[in-house]
Amino acid sequence: ALFMIGYMTTTSFGVYYFKYVYLNEEMYSIFALVLGVSQITALLLFPKFSKKFPRKTLYGGAIVLIVVGYVLFFFSPPNMAFIGVAGVLLFVGQAFIQLLMLVFLADTIDYGHYKLGKRNESVSFAIQPFINKMGAAIATGIVGYTLVLSGINSLGPGELVTSEGLLILKSAMMLLPLVLIVVSFVLYQKKYIIDEKTYEDILAKLLLREEGKK
């Protein structure tokens, strides 16, 4: 949930960033196209990386890409070369993490079966769309509050955002999501216990349990 709130907050600010910071709203569509291609490429490459690296390594690597992307994005001048590189890093890392989340969620079904004696696929997989919708709703609230706080909501025709307002916009778009995503990674590191070995052990124990019932 923390990750999706951060991710959705950043994407929800996209058009406002290009309108008030980059000062060329038409470039947003080009930026979105570059990011879309980056995401699709990352999704296609994920299976190859997942065969070579453990999940924790992939997650950590994706977080590094995202952190570097956010830092570069925050300090980038209004230049598409810098912004484009930052966006690619962000969305490649995001694509990897979204796939990993689905894998983690699927693993919890077998874990639940092992601990509780029953499978709950429908309930477990319903969590993901719920989290996505919640993230979008909270992100919309953050964007709305930021537009008021930065003064963008009260701008007249031809007026520009103050330097303070731009800082507020960029902080809400990049720094706040960065904090949320890093906290989500810390929670994962400390609380998520199902690595590859643990998952294999769970499957083996479930198999023995089923054979014992025959």
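The structure this text deals with has already been given above.
Quick caveat, the model's predicted, so the values are computed rather than measured.

**Here we look at the packing of aromatic side chains**
Taken as a whole, this structure holds 18 aromatic pairs when the rule is applied. When the ring of Phe31 is compared with that of Phe73, the centres are 6.1 Å apart and the planes differ by 50°; the resulting orientation is tilted. Placement of Phe31 in helix α3 (residues 27-52) and of Phe73 in helix α4 (residues 55-75) is noted, with a sequence separation of 42 residues between them. You can call Phe31 buried: its relative accessible area is 6%. Using a relative accessible area of 2% as the deciding quantity, one classes Phe73 as buried. Residues Tyr188 and Tyr192 carry aromatic rings whose centres are separated by 5.6 Å and whose planes lie at 25° to one another, so their mutual orientation is stacked. Tyr192 carries the same exposure label as Tyr188, and that label is buried. Members of the aromatic cluster, connected to one another through ring pairs, are Tyr17, Phe18, Tyr22, Tyr28, Phe31 and Phe73. One cation-aromatic arrangement involves Arg55 over Tyr199; the distance from NZ or CZ to the ring centre is 5.9 Å. The ring centre of Phe74 lies 5.0 Å from the NZ or CZ of Lys170, which sits over that ring.

**Some remarks on the side chain of Thr146**
Its place among the elements puts Thr146 in helix α6 (residues 121-149). In this structure Thr146 touches Phe13, Ile168, Leu169 and Ala172, once residues within four positions along its chain are discounted.

**Concerning a nonpolar patch on the surface**
Taken together, Leu45, Phe49 and Phe53 make up a surface patch of nonpolar side chains, about 240 Å² in accessible area. As for its position among the elements, Phe49 is in helix α3. Note on Phe49: relative accessible area 35%, which makes it partly exposed.

**Focus on the pattern of salt bridges**
Counted under the stated rule, the structure contains five salt bridges. In this structure, the salt-bridge partner of Arg55 is Asp107, at a minimum N-O distance of 2.3 Å. On the criterion of sequence distance, the pair formed by Arg55 in helix α4 and Asp107 in helix α5 (residues 80-116) is long-range, its members being 52 residues apart. Like Arg55, the residue Asp107 is buried in the burial classification. With its nearest N and O atoms 2.8 Å apart, the salt bridge here joins Asp110 to Arg119. For Asp110, a relative accessible area of 9% gives the class buried.

**Looking at α3**
Compared with an ideal rise of 1.5 Å per residue, which puts 26 residues at 38 Å, α3 spans 37 Å between its outermost C-alpha atoms and is within 8% of the ideal. Along α3, the largest kink reaches about 40° and is centred on Phe46; proline Pro47 follows within four residues of it. Considered for burial, the residues of α3 that qualify are Met27, Phe31, Leu35, Ser38, Gln39, Ala42 and Phe46. Buried residues along α3 sit against α1 (2-12), α2 (14-20), α4 and α5.

**Observations regarding the environment of Leu147**
Mapped onto the fold, Leu147 is located in helix α6. The exposure class of Leu147 is buried, given its relative accessible area of 9%. Here the alpha-carbon distance between Leu147 and Ser29, two residues 118 residues apart in the chain, equals 21 Å. Apart from the residues within four sequence positions on either side, Leu147 is in contact with Tyr16, Ile152 and Asn153.

Each value, and the rule that gives it
Residues numbered from 1 in each chain as written. Predicted model: local features only at pLDDT ≥ 70, side-chain atom pairs only at ≥ 80, totals over all residues. Heavy atoms only, no water. Phe/Tyr/Trp six-rings, centres within 6.5 Å; stacked < 30°, edge-to-face > 60°. Helix = DSSP H or I, 4+ residues; strand = E, 2+ residues; numbered from the N terminus. Buried < 20%, exposed > 50% of the residue type's maximum accessible area, 1.4 Å probe, protein only. Lys NZ or Arg CZ within 6 Å of the ring centre and 35° of its normal. Contact = heavy atoms within 4.5 Å. Patch = residues over 30% accessible without salt bridge, like charges linked within 9 Å, V, L, I, M, F, W, Y side chains within 5 Å. Areas by Shrake-Rupley, 256 points an atom, 1.4 Å probe, with all protein chains shown as cover. Salt bridge = Lys/Arg side-chain N within 4 Å of Asp/Glu carboxyl O. Expected span 1.5 Å × (residues − 1). Bend = angle between axes of the 7 residues up to and from the residue.

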